[in-house]
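Listed below are the residues making up each chain.
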Amino acid sequence: MAPSAITPPVQQADKLDSAAVARKLAETAPELVKNGKTESTLRPLDASKLKFTRTSTPMTVPAPGDPIIATASQCTDHMITAVWKFGEGWADPELKPYGNFSLPPTASVLHYATECFEGMKMYRGYDGKLRLFRPDCNCRRMVMSSVRCSLPAFDPKELEKLIIAMIAVDGLKWLPTPGTFLYLRPTMIGSAGALGVATPKEATLFVISTFMPPMDQKTGLKLLASTNGVRAWPGGFGYAKLGANYGPSLLANGEARERGYDQVLWLLDGKVTEAGASNFFVVWKSPEGKIELVTAPLHDKIILDGVTRRSILQLARERLTDGKSGLDAVEIVERNFTMEEVIAAVKEGRIIEAFAAGTAFFVSAVSIINYKEQDLQIPMARGEMGEYASLIKSWLVNIMYGKEQHEWGVVVEEEQL
């Protein structure tokens, strides 16, 4: 896999960053670079070498409604770990009982934010089968994130195999009920015990699974548009799923909640970017009368290339542009747009709906956007959601839970208890 297959589009001004990413790929995962002549003594991440150590003290699965679910802290019995070391490569990965890590206080992640992660889910289908949704996209994105914060690269197919191995063991016990899901969190941290602003010489990859409380908003999300802070900026790392993108945003999100709103709608020079940690979409009639589904573009490296975002755009292009869905046909537009455009669409009655999309919030309608102390009311034609978001959400749910057979729904063969 060439570096261009991993990294997002790079602007001319980002040549230094692009060159560093390409070099990191070549140095830590030469098997991904298609030059045909790469020789390396480094051990690649290899799921076929997975070592199994089953738990001897299995945990109890919480019942529906158990308060621990709301804490998002109850994990399943097992986890995956793999350690990379400079000059050696990857040790054999392990499936072992879930438990705490031991890290030196000088670990790179604790001082320099050398950390990246993914957010994904496993689903118990209505047909009883266990599924992942587009895991290849998450694993490829994690490679891009890891090299962006100077952690080692790896073959994304091997990470996908490791995730499948773990949920094949834990899925049947921990996710027995059709129509439910568990959250999956692949993570990599710089675990080398040494101070100094430098590339970590050791990294730890791990995968855990946990319960998550439902985040559906029956009355729609209320967003507070930012006027004095930004989440990401051109040439930065907003496109990568790094912990460093999230910690600094918590203060503003907390303030939004104190004021009665659910999330911050992040702006950059007046341009709409993301809603909290989710991608943001609006459906409106353009001044020329065209119905458009609009979301911010990826090319300036501000927006996270969300798997849900990508899937919505692909399904919309396939199913919403010809008028055969039962709704008016829409034009799919990825471009920068401003809060002033949103205000104009609201005032002129052209706004149709808006929604946020991501792994955690899934597809959630937006009912209010507050901008400069003014609440803008966003229609929700179906009461809890707009018609377009509702239809898109139903398509995704059908794929995730097996009502629609689709290549995005990856069935996992499970170990029987």
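Just above, that's the structure.
Residues numbered from 1 in each chain as written. Predicted model: local features only at pLDDT ≥ 70, side-chain atom pairs only at ≥ 80, totals over all residues. Heavy atoms only, no water.

1. Some remarks on the packing of helix H5 (residues 135–148) against helix H6 (residues 156–174)
In step 1: Where H5 meets H6, the axes come as close as 8 Å, and the angle between the chain directions of the two elements is 125 degrees. Accordingly, the angle class assigned to the pair H5 and H6 is oblique. The two elements H5 and H6 cross, and the hand of that crossing is right-handed. Where H5 approaches H6, its residues Pro135, Asp136, Cys139, Arg140, Met142 and Val143 are matched on the opposing element by Pro156, Leu159, Glu160 and Ile163.
In step 2: Residues of the contact of H5 with H6, tallied by class, amount to seven nonpolar, no polar and three charged. (Axes fitted to C-alpha atoms, helices over the stretch in contact; angles between N-to-C directions. Helix = DSSP H or I, 4+ residues; strand = E, 2+ residues; numbered from the N terminus. Parallel < 35°, antiparallel > 145°, perpendicular 65-115°, else oblique. Left-handed = near helix turned anticlockwise from the far one by under 90°. Contact = heavy atoms within 4.5 Å. Nonpolar A, V, L, I, M, F, W, Y, C, P; charged D, E, K, R; others polar.)

2. What about H5?
In step 1: A rise of 1.5 Å per residue sets the reference length of H5, with its 14 residues, at 20 Å; its end C-alpha atoms lie 20 Å apart and thus fit the reference within 8%.
In step 2: Counting buried positions along H5 yields 11 of 14 residues, so the element is predominantly enclosed.
In step 3: Looking only at H5, the buried set comprises Pro135, Cys137, Asn138, Cys139, Arg141, Met142, Val143, Met144, Ser145, Ser146 and Val147.
In step 4: Among the residues trailing H5, Ser150 stands out with phi positive, at a value near 65 degrees. (Expected span 1.5 Å × (residues − 1). Buried < 20%, exposed > 50% of the residue type's maximum accessible area, 1.4 Å probe, protein only.)

3. Re the side chain of Lys24
In step 1: Position of Lys24 among the secondary structure elements: in helix H2 (residues 15–28).
In step 2: As a buried residue without a salt bridge, Lys24 has its nearest oppositely charged side chain in Glu27, at a separation of 5.3 Å.
In step 3: Apart from the residues within four sequence positions on either side, Lys24 is in contact with Ala29, Val147, Ser150, Leu151, Pro152 and Thr199. (Lys, Arg positive; Asp, Glu negative; His and termini not counted. Salt bridge = Lys/Arg side-chain N within 4 Å of Asp/Glu carboxyl O.)

4. Details of the pattern of salt bridges
In step 1: Scanning all chains against the criterion turns up 19 salt bridges.
In step 2: Across the salt bridge formed by Arg310 and Asp305, the nearest N and O atoms sit 2.5 Å from each other.
In step 3: Residue Arg310 is classed as partly exposed on the basis of its relative accessible area, which comes to 26%.
In step 4: The class for Asp305 is partly exposed, based on a relative accessible area of 22%.
In step 5: We note a salt bridge from Glu404 to Arg319, for which the minimum N-O separation is 2.8 Å. On the criterion of sequence distance, the pair formed by Glu404 in the loop between helix H10 (387–400) and strand S19 (409–412) and Arg319 in helix H8 (residues 307–319) is long-range, its members being 85 residues apart.
In step 6: For Glu404, a relative accessible area of 23% translates into the label partly exposed.
In step 7: The class of Arg319 is partly exposed, set by a relative accessible area of 21%.

The analysis is restricted to geometry; functional conclusions fall outside its scope.
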